[in-house]
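Remarks on the overall topology
Listed here are the chains, written in short residue letters.
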Amino acid sequence: MATINDNYLKLKAGYLFPEIARRVNAFAEANPAAKIIRLGIGDVTEPLPEACRAAMIQAVEDMGDRSAFRGYGPEQGYAWLREKIAQFDFQARGCEISADEIFISDGSKCDTGNILDIFGDNNTIAVTDPVYPVYVDTNVMAGHTGAANDKGEFEGLVYLPVTAENNFTAEIPTQKVDLIYLCFPNNPTGATASREHLQAWVDYAKAHGSIIFFDAAYEAFITDPTIPHSIYEIPGAKDCAIEFRSFSKNAGFTGTRCALTVVPKNLKAKAADGSDVELWKLWNRRQSTKFNGVSYIVQRGAEAVYSEAGQAQTKALVSFYLENAKIVREQLTAAGLAVYGGVNAPYVWVQTPNNLSSWDFFDKLLQTCNVVGTPGSGFGAAGEGYFRISAFNSRENVEEAMKRITEKFKA
């Protein structure tokens, strides 16, 4: 009989968001009249920008014309999209990133897991706690960890607690680690990292030969001009960092699927024989072998983000969700809850009241307010006692959800 990858059996609990869906579906079946408002998963609700829609419609027309038809595209992405990304997202901010260092993909969630394909099994891996579950779970699946303890921490990972006491920015580890996952603006806490904090991480990585995996999926929500949008704004980062970005939240592409990964050509790591190997070559080989690229139609839609109309429309989308976050933050603060994040990020991180556990607070909100959020413990042991609320929803739903919660919890 065929055998399985036993590492999957270490993931005893279901992935966080399917477990939320299971509980919500059970409640909805038992309470069919309940008007449930979902502020849990970070999925957008507003329509794609008009500029993106128009570009995609034209791309569909192209596919009906023999002279304009596109079949397989380059696995790295079309040059015209990568050039726009390099110009607008990096070079405009002083980052020396070229178009050929950018790889287009169907999601940064995929890329943050797939990047492990080009790294060895003997690396020491550091994650923040709480953390986006994909970083941990993909390492478990790849066999990079031992079993989980009672708190859900996996043996072999280095956990870096982020708490209110350290302003939700991970402290630099005292021991040597090889691969470091950083996400700013942070999911789930909504925290941001200063230029000085990122410089400290870059200095650490260069001193120890480490590689930083920098998830910048929410950079569009940064409004503070002092906060970096890219790790490559930090001197030395091209020598130690891979950056992941997405069109999901700034342009509403969660269901359309388009993202990118930046692998600088000078970035190197060690082979077993001690020689230096360029990671760009390995990632290019991986993508060329395992990936057929994002569709022409979707890439044309992503390219339109960089048009004058696209820039204005995506900015308006981001502002809309930031206003939602402001409403959540202010209303919950007025209700007496301890609230973090939601300023330069679309997530609000709430301390659960009355020492309730994260899942108990989830159930209480669902049952008494018919509002869905995300239990902090689902993001790691240090997330226990916290709760994430997403700003991705309609204004009407956000305002109604806050009305229900504040009426329930206001002292």
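What counts and how
- Residues numbered from 1 in each chain as written.
- Predicted model: local features only at pLDDT ≥ 70, side-chain atom pairs only at ≥ 80, totals over all residues.
- Heavy atoms only, no water.
- Axes fitted to C-alpha atoms, helices over the stretch in contact; angles between N-to-C directions.
- Helix = DSSP H or I, 4+ residues; strand = E, 2+ residues; numbered from the N terminus.
- Parallel < 35°, antiparallel > 145°, perpendicular 65-115°, else oblique.
- Left-handed = near helix turned anticlockwise from the far one by under 90°.
- Contact = heavy atoms within 4.5 Å.
- Nonpolar A, V, L, I, M, F, W, Y, C, P; charged D, E, K, R; others polar.
- Pairing = 2+ DSSP bridges.
- Expected span 1.5 Å × (residues − 1).
- Buried < 20%, exposed > 50% of the residue type's maximum accessible area, 1.4 Å probe, protein only.
- Arc of directions from axis to C-beta.
- Salt bridge = Lys/Arg side-chain N within 4 Å of Asp/Glu carboxyl O.
- Core = buried A, V, L, I, M, F, W, Y, C linked by side-chain atoms within 4.5 Å.
- Polar contact = N/O pair within 3.5 Å; in protein donor to acceptor, adjacent residues only side chain to side chain.
- Disulfide = S-S within 2.5 Å.
- Patch = residues over 30% accessible without salt bridge, like charges linked within 9 Å, V, L, I, M, F, W, Y side chains within 5 Å.
- Areas by Shrake-Rupley, 256 points an atom, 1.4 Å probe, with all protein chains shown as cover.
- Lys, Arg positive; Asp, Glu negative; His and termini not counted.
- Charge placed at Lys NZ, Arg CZ, Asp CG, Glu CD.
- Right-handed = clockwise from strand over helix to strand, strands pointing away.

For the rest of this paragraph, the subject is the packing of helix α3 (residues 79-90) against helix α8 (residues 296-303). Running from N to C, α3 and α8 cross one another at 25°; their axes reach a closest spacing of 9 Å. Accordingly, the angle class assigned to the pair α3 and α8 is roughly parallel. As α3 runs across α8, the sense of the crossing is left-handed. Of the residues in α8, those touching α3 at W80, L81 and K84 are Y296, Q299, R300, A302 and E303. Grouping the amino acids of the contact of α3 with α8 by side-chain chemistry returns four nonpolar, one polar and three charged.

Moving on, we come to the sheet that holds strand β4 (residues 157-161). Read across the sheet, seven strands follow the order β2-β8-β7-β6-β5-β3-β4 without closing on themselves; strand pairing throughout is mixed. The sheet is open, and its two edges are formed by β2 (102-105) and β4, each paired on a single side. With strand direction ignored, the average angle separating the axes of adjacent strands in the sheet is 20°. When β2 meets strand β8 (residues 259-262), the two strands line up antiparallel, connected through four bridges.

This brings us to helix α10 (residues 358-369). Each turn of an α-helix holds 3.6 residues, which means side chains three or four residues apart point in the same direction. In this model, α10 (twelve residues) spans 16 Å end to end at C-alpha, consistent with the 16 Å of a helix rising 1.5 Å per residue. Inspection of α10 places S358, W359, F361, F362, L365, L366 and C369 among the buried residues, and these make up the whole buried set. Projection of α10 onto a plane perpendicular to its axis shows the buried side chains occupying an angular sector of 160°, all on one side. Contact partners of the buried residues in α10: α1 (16-30), β13 (371-372), β14 (374-375), β15 (386-390) and α11 (395-409).

All right, on to the sheet that holds strand β12 (residues 347-351) then. Spatially, β11-β12-β15-β14 is the arrangement adopted by the four strands of the open sheet, whose pairing is antiparallel. The open sheet has two edge strands with one neighbour each: β11 (339-341) and β14. Those strands touched by α10 are β14 and β15, and its axis lies near 45° from that of β15.

As a further point, take the pattern of salt bridges. Applying the stated criterion across every chain yields a total of 20 salt bridges. A salt bridge links D117 to K290; the nearest nitrogen and oxygen atoms lie 2.9 Å apart. Of this pair, D117 sits in the loop between α4 (108-114) and β3 (125-129) while K290 sits in helix α7 (residues 279-290), and the two are 173 residues apart along the sequence. A relative accessible area of 41% places D117 in the partly exposed class.

Moving on, we come to the nonpolar core. I212 and F247 are the most contacted members of the largest nonpolar core, which totals 55 residues. Discounting residues that sit within four places of it in the chain, I212 has contacts with I180, L182, W201, V202, A205, C240, A241 and I242.

A few words now on the side chain of R82. Positionally, R82 belongs in helix α3. At 3.1 Å, the side chain of R82 and the backbone oxygen of I102 are in polar contact. Excluding anything up to four places from it in sequence, R82 contacts Q76, G77, A99, D100, I102 and I104.

Here helix α2 (residues 50-63) spans 20 Å end to end across 14 residues, near enough to the 20 Å set by a 1.5 Å rise per residue. The secondary structure elements touched by the buried residues of α2 are α8 and α9 (308-334).

Backbone torsion omega between D129 and P130 reads 10°, so that peptide bond is classified as cis. Looking at the element boundaries, P130 is found in the loop between β3 and α5 (133-141). Geometrically, the link from N187 to P188 is a cis peptide bond, its omega value of 25° lying close to zero. Take P188: it is sitting in the loop between β5 (179-183) and α6 (195-208). Not every positive phi belongs to a glycine, and N167 is a case in point at roughly 60°. Mapped onto the elements of the fold, N167 is located in the loop between β4 and β5.

What follows covers the state of the cysteines. Following the criterion strictly, the structure yields zero disulfides and no others. Left without a disulfide partner, C52 is nearest to the cysteine sulfur of C258, which lies 9.9 Å away. Unpaired in terms of disulfides, C95 finds its nearest cysteine sulfur in C240, a separation of 13 Å.

Note that T169 resides in the loop between β4 and β5. Reaching out from T169, the side chain makes a polar contact with the backbone oxygen of N166 at a distance of 3.0 Å. Beyond its immediate sequence surroundings of up to four residues, T169 is in contact with V162, F184, T192 and H197.

A surface patch of like charges, here negative, comprises E323, E330, E396 and E399. Within the residue set of the negative patch, elements represented by two or more residues are α9 and α11. Within the secondary structure, E399 is located in helix α11.

What follows covers the pairing of strand β6 (residues 211-215). With five of five residues buried, β6 is to be regarded as a mostly interior element. Regarding topology, α6 serves as the crossover connection from β5 to the parallel β6, and that connection is right-handed.

To continue, consider the environment of H197. You can see H197 is positioned in helix α6. For H197, a relative accessible area of 15% translates into the label buried. C-alpha separation for the pair H197 and I172, spaced 25 residues apart in sequence, amounts to 9.2 Å.

Note that every value here comes from positions in space, so none of it alone points to a role or purpose.
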